[in-house]
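Here is what each chain is made of, one letter per residue.
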Amino acid sequence: MKVIDAVKNTAFTAAINSGLKYLEKDPEVNIPKLMSLVDKAAPEGWYEGARNMIRNAIEEKGNWYDLIMKIYQLDPGVRKNFFQNFIVNASLKGSAIHQDIMAKEDCNVPWAILLDPTSACNLHCTGCWAAEYGHKLNLDLDTIDNIVKQGKKLGIYMYIYTGGEPLVRKKDLITLCERHPDCEFLSFTNGTLIDEAFCEELLRVKNFVPAISLEGFETANDGRRGEGVYGKVKHAMKLLKDHKLPFGISTCYTSANYQDITSEEFFDMMIEDGALFAWFFHYMPVGNDAVPELMPNPDQRETVYRRIREYRKTKSIFTMDFQNDAEFVHGCVAGGRYYLHINAAGDVDPCVFIHYSNCNIHEHTLLEALKSPLFMAYHRAQPFNDNMFQPCPMLENSGRITELVKASGAKSTDPQSPESAEHLCGKTKAYAEAWAPRAEKLWKERQEEIAEKKAAQNK
């Protein structure tokens, strides 16, 4: 049975739901039993990598097993909703709908939509492109609601808020959770607006997960975000942990902070404070006032890559390194391939870091945006490089964005200081040239490592 046919099979979906209920009774005892049943019932290739990882974690009872057990310490209602929305709706039901539409329309259909409810923010962080967008732009409640309604018809059940500071719009974000209980909402946030009342609201709606921005320890974090912010973030994490709510950390690694945010002390702090996941983003020199010197050099980027992968073997936190983990998603995830971005003015961008568009959500549907010239240019060109350490058309393949923008007629969506694609790529040219030989070395090393593992498994 093909994956898509199995997912459409209501009996298969019902079996997944029954399995999740079975786990709730006694997860420590029932997880090994359930994995055995899943392996027998699952179609060939169905989330095989994830299943192998979970099975190994259960057998070894190591850091990944500890992480699974932490999930079962969360509020039961929140956990059940997360499993239903993330596993069943977004990953199973959604993937079946995606494949049908992609085959019919010959375009990308994303797993998630990133959108900016507002450009307003209560902070002004150094090097943040959003800070340059002004504080007057907003997607109104009905517009966001319509985006989600359209998204669900395309099989999209995962929505991620960026900004600006999304929690400036707390009331509307909670309303959206109420209107769409079958969706999972995640929000990047500076964490300073999370309080007791908001935690109580999260417990009530059960489908909202914060990803708190943290740039290192107090000196590094407050040096970029402002005095006292680190203390407020620590307080927010304590509130979320005390309320048994899931949350994670989002951090941007630069030439200035890469040592801190990949240190064992930083990982241990995140875990102790209750974070279940950490997303690591490479600094992107977006905007006319960006600081290219903050981009890590090849040695620094390789350090980040090696440390994060090493800690995956020992630390009970799920990590994603968005520039060095491209092999797991086969290259660039933007342009609607796994996600797209809608800014607070309604412009539909291929990427949260690529501010060019030729359509606006106030004038076009989501499907029309996905079939627009820029998104179709992405669709036809991905992956942008066969080396998965060079996935980005702006950072490691300097000049590709210029080609895509020119061919599609897209325009800059920065409302304050429009930046040409030529200017943007000019800042990454030297970086790309310096990184290329290191990327070649690392990709060859990685291919040899994969080959060795396959050979060992076949013995």
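Residues numbered from 1 in each chain as written. Predicted model: local features only at pLDDT ≥ 70, side-chain atom pairs only at ≥ 80, totals over all residues. Heavy atoms only, no water.

The protein chain appears in an unreviewed UniProt entry as Radical SAM protein from Fusicatenibacter faecihominis.

Quick look at helix α14 (residues 298-311) now. Its 14 residues place the ends of α14 20 Å apart at the C-alpha level, agreeing with the 20 Å of an ideal helix rising 1.5 Å per residue. Where α14 is concerned, the buried positions are P298, Q300, R301, E302, V304, Y305, I308, R309 and Y311. Taking the backbone nitrogen of D299 as reference, a side-chain oxygen 3.0 Å away marks N297 as the first, capping residue of α14. (Helix = DSSP H or I, 4+ residues; strand = E, 2+ residues; numbered from the N terminus. Expected span 1.5 Å × (residues − 1). Buried < 20%, exposed > 50% of the residue type's maximum accessible area, 1.4 Å probe, protein only. Polar contact = N/O pair within 3.5 Å; in protein donor to acceptor, adjacent residues only side chain to side chain.)

What follows deals with the environment of H423. When you line up the elements, H423 lands in helix α18 (residues 421-426). Counting along the chain gives 21 residues from H423 to T402, while the straight-line C-alpha distance between them is 9.2 Å. Engagement of the side chain of H423 in a polar contact is seen with the side chain of N288, the distance being 3.5 Å.

Ranked by size, the top nonpolar core spans 68 residues in total, and within it I113, F185, F208, I212, M270 and I342 carry the most contacts. Once residues within four sequence positions are removed from consideration, F185 is found in contact with V148, Y159, Y161, L176, C177, H180, N207, F208 and V209. L74, L114, I160 and L276 belong to the second-largest nonpolar core, a separate cluster that totals 53 residues. (Core = buried A, V, L, I, M, F, W, Y, C linked by side-chain atoms within 4.5 Å. Contact = heavy atoms within 4.5 Å.)

Right, let's talk about the sheet that holds strand β3 (residues 184-189) for a bit. One open sheet holds the 9 strands; their spatial order is β7-β6-β5-β4-β3-β2-β1-β8-β9, and the pairing between them is mixed. Two strands lie at the open edges of the sheet, namely β7 (318-321) and β9 (348-349), each paired on one side alone. Here strand β8 (residues 339-342) runs beside β9; their pairing, made up of 2 bridges, is antiparallel. Residue I342 lies in a different strand from β9, and its bridge partner there is V348. Packed on one face of the sheet, α14 meets β5 (248-253), β6 (277-282) and β7 and runs near 155° to β7. (Pairing = 2+ DSSP bridges. Axes fitted to C-alpha atoms, helices over the stretch in contact; angles between N-to-C directions.)

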